[in-house]
Amino acid sequence: MDILNAGVALLNFVVVPAAAYGAQLALGALGVTLIYGILRFSNFAFGDTMAMGTAFTIMVTWAIQALGIAIFPLPTALIALPFGIAVTALIVLFTDRIVYRFYRRKKVDPIVMVMASVGVMFVMNGLTRVLIGVEEIRFDDGARFLFSVQDFRAWSGLTEGLSLRVSQLLTLIITALVCWGLFVFLNRTRTGKAMRAYSDNEDLALLSGIDPDQVVRITWIIGTALAVIAGTLYGLDKTFKAFNYFQILLPIFAAAIVGGLGNPLGAVVGGFVVAFSEVAITYPWKKVAGYLFPDWQPEGLLQLLSTEYKFAVSFVILIVVLLFKPTGLFRGKSV
Amino acid sequence: MSNTRQAEASSPWRGVLLFLVIVVLFVLEGSVRNAFFSGSWNTSLAILNMGLISAVMALGVNMQWGYAGLFNAGVVGFLALGGLAPVLIATAPVPGAWDAGGVRLLLALFVGIGTLVLAAQVWKQVDRHLRVWALIATLALGFVLYRWLFDPAVTAIEANNTASAGNIGGLGLPVLLAWPVGALFAAAVAWGVGKVALGLRSDYLAIATLGIGEIVVAVMRNEEWLARGVKNVSGIPRPVPYELDLQNDPGFVARAAEWGLDPATASGIWVKLCYAGLFTVVLLLLILLAELALKSPWGRMMRAIRDNETAAEAMGKNVTRRHLQIFVIGSAVIGLAGAMMITLDGLVSPSGYNPLRYTFLIWVMVIVGGSGNNWGAALGAILIWFLWIKAEVWGPEIMRLLTMPLPDGGLRSHLIGSAPQMRFIAMGVVLLLVLRFAPRGLLPEK
């Protein structure tokens with residue numbers, strides 16, 4: 001039994017990728033859940049907001065690269081990120097002004113808001129296509145690895161290797177910082193408290209003199225910032241392809257619902273729950289099992305589900321939560 | 001929603017007028033050749049056929065949204081499920097596929113479904129303290145047994161004549177029989193999803209259906225034993241004559257010559273007209289049934305539930321039950337459309353199932369046409385489909401006109417080049433405008 005090699009393989013193929021992916025989902029789910037908590041609808045345009053924001057970030061990145069500025073070993077996209085967020089936030093605020101505000105004032109059924117967000121999704125999707133096209137784009141300059149498989153093998157003398165990509169570490173650090181900042185903001189500052197009050201009980205919040213327009217504005221800005229950060233990190237980690245951002249909508253919604261819609265802490269936990277289940281269920285466990293039980297020669301790859309069905313995992317988690325705990329793990333908004 | 005649906009007098013001529021507009025558009029497409037129209041009846045009829053199928057899809061979505069206010073974000077999945085039926089029913093059997101692993105495969109699917117049913121029973125019957133563990137044990141055992149049966153069967157079937165088949169094959173029955181079967185496939189899955197997601201928040205259904213849509217398409221893409229996955233199944237039998245047979249038929253060639261058409265064009269037009277007739281019959285039949293249902297006590301109950309769930313519940317109506325019913329019926333209609341589409345194409349190509357095109361565009365059709373009104377949904381579908389297809393041609397032309405003042409160069413060619421993508425923006429804007437300024441659509445509900 002070779003616990004050390006098994007552990008390293010587990011780290012390399014499951015824990016590290018799942019943690020990075022989980023962090024990206026957590027950021028996205030935070031955005032969805034905040035928008036849900038304050039504006040009270042599931043924003044179907046969120047995936048395309050991520051894509052559009054990332055497209056802006058990539059374009060600014062190209063401009064910065066053309067100027068010859070780089071922050072090696074970090075990717076240039078990091079400098080471009082604030083610009084991407086600013087442009088996207090302006091567009092989203094404009095969208096709120098011309099689309100959502102009307103329905104909000106009329107207090108329509110949430111499902112009409114969802115429908116409106118489908119319209120916004122179409123427009124944003126088209127904008128992204130016009131801006132940057134539908135092909136795969138890599139924009140991760142800077143160093144690729146913090147340490148690679150070969151480095152680790154030489155250092156540790158183990159047969160199994162472990163690598164850590166810069167984008168993965170960056171994802172984890174940025175996510176931690178953003179979550180910390182967001183929770184401090186929500187719990188300590190006046191505006192953050194106003195947002196929570198508005199989310200808990202709209203009428204009572206209005207009665208105590210909270211400006212609803214400001215709360216909505218701040219929510220859109222934060223939600224968009226989260227979307228663009230998540231989108232850019234996802235793009236750095238994998239590649240940028242507009243359609244992937246539509247597909248990632250499902251795991252993000254699943255994460256938000258698992259954690260309890262409207263509950264920020266739940267969204268973060270939900271993101272990691274979904275990511276770890278997805279990676280663990282689609283990982284072929286044969287290698288790890290081979291180290292743990294050298295005498296056992298299993299026939300298959302010991303893969304519970306092939307990678308193509310990773311979306312099925314978020315779906316099943318979603319169904320399980322809906323069946324047994326519709327309000328989510330952390331009490332979110334109920335039915 | 002009730003405030004947007006108040007009856008206001010709308011002219012009875014509106015529908016007729018819209019219908020005429022659509023007829024004029026198709027006639028222009030068929031007869032005028034310029035930068036905007038192709039002037040080919042073959043193209044015009046091809047657009048019409050897909051428009052008629054879109055109308056059937058829109059009818060299904062309209063039942064769910066217009067009658068009951070249910071948001072189905074997985075139309076593409078139900079459509080793909082329906083498309084499976086022509087493959088499994090109408091294509092010729094693959095020699096050796098059943099012997100390779102057919103029985104074992106059926107057994108595996110039976111075990112899979114049996115496990116879920118058993119798990120539900122375990123959850124209901126077993127004592128509170130034990131039931132979580134009993135449930136997990138049942139599911140784990142069922143999964144292992146399922147994989148033990150399923151994996152070798154799939155390997156055997158896919159190994160059978162991989163180059164040209166490698167799938168389980170069809171039954172060789174008439175293709176028209178596949179249409180209701182497609183509806184059944186979609187209905188069965190809709191029942192499962194609805195059972196879980198209905199009765200909770202309205203957007204949970206939207207998210208759950210979004211998921212099932214993705215999964216069905218993923219299954220179609222990866223399960224080669226089913227419909228050859230991305231290798232596509234082609235040559236699905238047709239309910240109408242083949243162009244080549246017509247061209248070899250002297251009687252047909254003579255008649256085509258009478259009309260002054262060459263045999264190739266004439267055969268294409270004739271085949272498309274046959275399809276159009278078939279689809280129109282199905283569409284009209286569905287609209288008739290839907291209208292009859294809507295005028296019956298059942299239809300009044302559905303509208304009452306949609307307009308005020310609480311009041312309807314107080315009257316003793318089982319809202320969740322009725323929602324499940326309409327969700328299943330609507331999905332069945334979408335499944336039917338999926339089977340029709342595959343019959344028209346003669347080809348299953350899972351990579352073509354794009355949610356924007358097959359879920360959200362159908363939504364635009366329904367909203368624009370008039371949610372709650374069957375004629376409106378059908379008209380909206382044909383109109384939007386026509387515009388969607390033509391926008392690919394019109395976009396660059398319009399963009400060329402708009403960018404006249406710009407110098408020839410990078411920006412102008414980029415704008416013209418990406419103009420076909422602008423139709424996504426156009427559709428989004430149309431949806432938003434209709435939703436806001438005419439929420440009842442072109443043909444409002446009476």
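From a predicted model like this one, the values you see are computed outputs, not experimental measurements. (Residues numbered from 1 in each chain as written. Chains lettered and ligands numbered in written order. Predicted model: local features only at pLDDT ≥ 70, side-chain atom pairs only at ≥ 80, totals over all residues. Heavy atoms only, no water.)

Caption draft 1: Quick peek at the overall build of chain B. Broken down by element type, chain B carries 18 helices and 2 strands. Relative to the compact-globule value of 22 Å for 446 residues, chain B shows a C-alpha radius of gyration of 24 Å, a close match. With the C-alpha coordinates aligned to their principal axes, the bounding extent of chain B is approximately 75 × 60 × 50 Å. Taken across its 446 residues, chain B has 52% of its residues classed as buried. Sequence-distant contacts, at least 24 apart, represent 79% of the contacts inside chain B between residues at least 6 apart. Taken as two groups, the 31 positive and 24 negative side-chain charges of chain B have centres that lie 8 Å from each other. (Helix = DSSP H or I, 4+ residues; strand = E, 2+ residues; numbered from the N terminus. Rg over C-alpha atoms; globule rule 2.2 N^0.38 Å. Buried < 20%, exposed > 50% of the residue type's maximum accessible area, 1.4 Å probe, protein only. Contact = heavy atoms within 4.5 Å. Lys, Arg positive; Asp, Glu negative; His and termini not counted. Charge placed at Lys NZ, Arg CZ, Asp CG, Glu CD.)

Caption draft 2: How the structure looks around the interface of chain B and chain A. Tallying the contact residues gives 50 residues for chain B and 52 residues for chain A. Here chain B and chain A share an interface that buries about 4700 Å² over both sides, 75% of which is from carbon and sulfur atoms. Among the residues chain B hides against chain A, the three largest losses belong to B:Tyr204, B:Ile207 and B:Arg436. Together they make up 14% of the total. Across the chain B-chain A interface, the total number found is 0 salt bridges. Our enumeration of links across chain B and chain A arrives at 9 residue pairs in polar contact (both at pLDDT 80 or more). Broken down by secondary-structure element, the contributors of at least two residues to the side of chain B that touches chain A are α5 (128-159), α7 (202-222), α15 (355-369) and α18 (422-437) of chain B. Here the side of chain B that touches chain A takes 14 residues from α7(B), the largest share from any one element. Per-class residue counts for the side of chain B that touches chain A are 33 nonpolar, 11 polar and 6 charged. (Buried area = accessible area lost by both parts, 1.4 Å probe. Salt bridge = Lys/Arg side-chain N within 4 Å of Asp/Glu carboxyl O. Polar contact = N/O pair within 3.5 Å; in protein donor to acceptor, adjacent residues only side chain to side chain. Nonpolar A, V, L, I, M, F, W, Y, C, P; charged D, E, K, R; others polar.)

Caption draft 3: Broad picture of the environment of B:Phe437. All names here are of chain B. As for its placement among the helices and strands, Phe437 is situated in helix α18. Taking relative accessible area as the criterion, Phe437 reaches 61% and is therefore assigned exposed. Measuring from C-alpha to C-alpha, the distance between Phe437 and Gly213 comes to 30 Å, with 224 residues separating the pair along the chain.

Caption draft 4: Examining the pattern of salt bridges more closely. All names here are of chain B. A full pass over the atoms with the stated rule returns 17 salt bridges over all chains. In this structure, Arg306 engages Glu445 in a salt bridge whose closest nitrogen and oxygen atoms are separated by 3.3 Å. Here Arg306, found in helix α12 (residues 297-307), pairs with Glu445, found in the segment after α18; they are 139 residues apart in sequence, far enough to count as distant. For Arg306, a relative accessible area of 11% translates into the label buried.

Caption draft 5: Region of interest: the environment of B:Gln125. By secondary structure assignment, the location of B:Gln125 is in helix α4 (residues 97-125). Between the alpha carbons of B:Gln125 and B:Ser413 there is a distance of 68 Å; along the sequence they are 288 residues apart.

Caption draft 6: Looking closely at the domain arrangement of chain B. Residue and element names in this part refer to chain B. Segmentation of chain B into domains returns domain 1 (38-92 + 175-354) and domain 2 (94-168). Each of domain 1 and domain 2 has a C-alpha centre, and the two are 29 Å apart. Between domain 1 and domain 2, the residue contacts involve 11 residues of the former and 13 residues of the latter. The largest share of the area that domain 1 buries against domain 2 comes from Glu224, Trp225 and Arg228, three residues that together contribute 71% of it. Where domain 1 packs against domain 2, one counts 0 salt bridges. Inspection of the region where domain 1 meets domain 2 yields 3 residue pairs in polar contact (both at pLDDT 80 or more). At the level of elements, α3 (75-90) and α8 (224-227) are the ones that each hand at least two residues to the side of domain 1 that touches domain 2. In terms of residues, the side of domain 1 that touches domain 2 owes the most to one element, α8, which gives 4 residues. For the side of domain 1 that touches domain 2, the class distribution of residues is 7 nonpolar, no polar and 4 charged. (Domains from an automatic or database assignment.)

Caption draft 7: Just the side chain of A:Thr282, in detail. Residue and element names in this part refer to chain A. One can find Thr282 in helix α12 (residues 264-282). Looking at Thr282, the relative accessible area reads 9%, which means it is buried. In this structure Thr282 touches Gln303, Leu305, Ser306, Thr307 and Lys310, once residues within four positions along its chain are discounted.

Caption draft 8: Spotlight on a positive patch on the surface. Residue and element names in this part refer to chain A. A surface patch of like charges, here positive, comprises Arg188, Arg190, Lys193 and Arg196. The greatest single-element share of the positive patch, amounting to 3 residues, is contributed by helix α7 (residues 190-200). Assignment of secondary structure puts Lys193 in helix α7. (Patch = residues over 30% accessible without salt bridge, like charges linked within 9 Å, V, L, I, M, F, W, Y side chains within 5 Å. Areas by Shrake-Rupley, 256 points an atom, 1.4 Å probe, with all protein chains shown as cover.)

Caption draft 9: Structural context of the environment of B:Gly66. Its place among the elements puts B:Gly66 in helix α2 (residues 41-67). Separated by 305 residues in sequence, B:Gly66 and B:Ser371 have C-alpha atoms that sit 4.7 Å apart.

Caption draft 10: Representation of α12(A) in the model. All names here are of chain A. In this model α12 runs 27 Å from its N-terminal to its C-terminal C-alpha over 19 residues, within 8% of the 27 Å that 1.5 Å per residue would give. Residues of α12 that are buried: Pro264, Gly266, Ala267, Val268, Gly270, Gly271, Val274, Ala275, Ser277, Glu278, Val279 and Thr282. On its buried side, α12 packs onto α1 (3-39), α6 (166-188), α11 (249-259) and α14 (310-324). Here α12 starts with a cap whose side-chain oxygen sits 3.1 Å from the backbone nitrogen of Leu265, and that cap is Asn263. (Expected span 1.5 Å × (residues − 1).)

Caption draft 11: Expanded view of the side chain of A:Ser163. Residues and elements named next belong to chain A. Topologically, Ser163 is positioned in the loop between α5 (149-156) and β2 (164-165). Taking relative accessible area as the criterion, Ser163 reaches 13% and is therefore assigned buried. Not counting residues up to four positions away in its chain, the partners in contact with Ser163 are Asn12, Val16, Phe145, Phe147, Ser148, Val149 and Gln168.

Caption draft 12: Structural context of the nonpolar core. Ranked by size, the top nonpolar core spans 228 residues in total, and within it A:Phe44, B:Phe71, B:Tyr353 and B:Phe360 carry the most contacts. Counting contributing residues per domain, this core is built from domain 1 (38-92 + 175-354) and domain 2 (94-168) of chain B, each supplying no fewer than three. For B:Tyr353, the contacting residues outside a window of four places in its chain are B:Val76, B:Leu79, B:Ala80, B:Gly83, B:Val217, B:Met220, B:Met341, B:Ile342 and B:Tyr358. (Core = buried A, V, L, I, M, F, W, Y, C linked by side-chain atoms within 4.5 Å.)

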